[in-house]
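Structure at a glance
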Amino acid sequence: MTKLSVNINKIATLRNSRGGNTPNVVQFAKDVQRFGAQGVTVHPRPDERHIRYQDTRDLKPEVYTEFNVEGNPIKSFMDLVLEVKPTQVTLVPDAVDALTSNAGWDTIKHKDFLTEVIQEFNSHGIRTSIFVDPVLEMIEGAKLTGADRIELYTESFAHQYSLGNEKAIIPFTEAAELSNEIGIGINAGHDLSLDNIKFFKDNIPGLLEVSIGHALIAESLYLGIENVVQMYLQRLK
Ligand SMILES: CC(=O)[C@@H](O)[C@H](O)COP(=O)(O)O
Ligand SMILES: NCC(=O)COP(=O)(O)O
């Protein structure tokens, strides 16, 4: 079964825009779990443009499904994750000023660093995932770091699929087949949506988790959050 992890970054974006506590990030996380989401994802960036480090601490006792914390493993992020001990940490090679995540790790070039970071989190019982492009050598490299899972960076698929190019799924299917063969779990995320999620899921053997935020929150503005969560769950069956 592919689990739906709702990324709530954009709820924090809306909250921060007025400086108060509306919408309440913790209440939203409780609600999406009540509506059926099997996980909550946050990406506390160094500039805290949306999810703050304190949000991550506040969410921990309220996330009874799976708690996935994403970020570039700079020291402050490492310290936060070791303090909070979420279900899973997803390592993302974002530059501090990146508008959003825009590339996967070079797991060959950064093998030693990633191996050390993965070992640190794994030794504390935190499941580890590495954000990668669907490049077979990068997936083999992720396996060598000791990571439990990869997260396939799906922006290229989502963009091409929106243009009608279904063949964009091919590298992702091949990446999943290799992942299953070498024994590393498969997550996926970035720009997944109601339009593309069923086609994606149907072509990725062994997909364990999708983390979806931007499109899901935008869709919820029109369709309602409870309805949208149910729509994703229906498409992921
Ligand atoms: C790793 C990934 O693709 C998403 O979690 C992304 O980091 C979302 O970040 P923003 O919500 O800041 O765009
Ligand atoms: N890891 C992907 C994620 O958490 C959400 O990405 P997006 O749906 O906001 O593009």
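Report on the accompanying structure. Only a predicted model underlies this, so the values are computations on that prediction, with no experimental measurement involved.

Observations concerning the site of ligand 2
Around ligand 2 sit N7, T41, E70, E151, G189, H190, D191, S211, I212, G213 and H214, and those are all the residues in its vicinity. D191 is positioned such that a nitrogen or oxygen atom in its backbone is 2.8 Å from an oxygen atom of ligand 2. Take G213: an N or O atom from its main chain is 2.8 Å from an oxygen atom of ligand 2. For ligand 2, whose unbound accessible area comes to 300 Å², protein coverage reaches 93%.

Focus on unusual backbone geometry
Here the bond from T22 into P23 is cis, since omega is -5 degrees, no more than 30 degrees from zero. As for its placement among the helices and strands, P23 is situated in the loop between α1 (9–16) and α2 (25–34). One non-glycine residue, E48, adopts positive backbone phi at about 50 degrees. One can find E48 in the loop between β2 (39–42) and α3 (53–59).

Concerning the site of ligand 1
Close to ligand 1 lie N7, N9, K10, H43, R45, H50, E70, V92, T100, S101, F131 and H190. At 2.8 Å from an oxygen atom of ligand 1 is found a side-chain nitrogen or oxygen belonging to K10. When isolated, ligand 1 has an accessible area of 360 Å², and the protein chains bury 91% of it. Looking at the shell around ligand 1 residue by residue, the class counts come to 2 nonpolar, 7 polar and 3 charged.

Each value, and the rule that gives it
Residues numbered from 1 in each chain as written. Chains lettered and ligands numbered in written order. Predicted model: local features only at pLDDT ≥ 70, side-chain atom pairs only at ≥ 80, totals over all residues. Heavy atoms only, no water. Near = heavy atom within 4 Å. Polar contact = N/O pair within 3.5 Å; in protein donor to acceptor, adjacent residues only side chain to side chain. Areas by Shrake-Rupley, 256 points an atom, 1.4 Å probe, with all protein chains shown as cover. Helix = DSSP H or I, 4+ residues; strand = E, 2+ residues; numbered from the N terminus. Nonpolar A, V, L, I, M, F, W, Y, C, P; charged D, E, K, R; others polar.

Remember that the coordinates give geometry; whether it matters functionally is a separate question.
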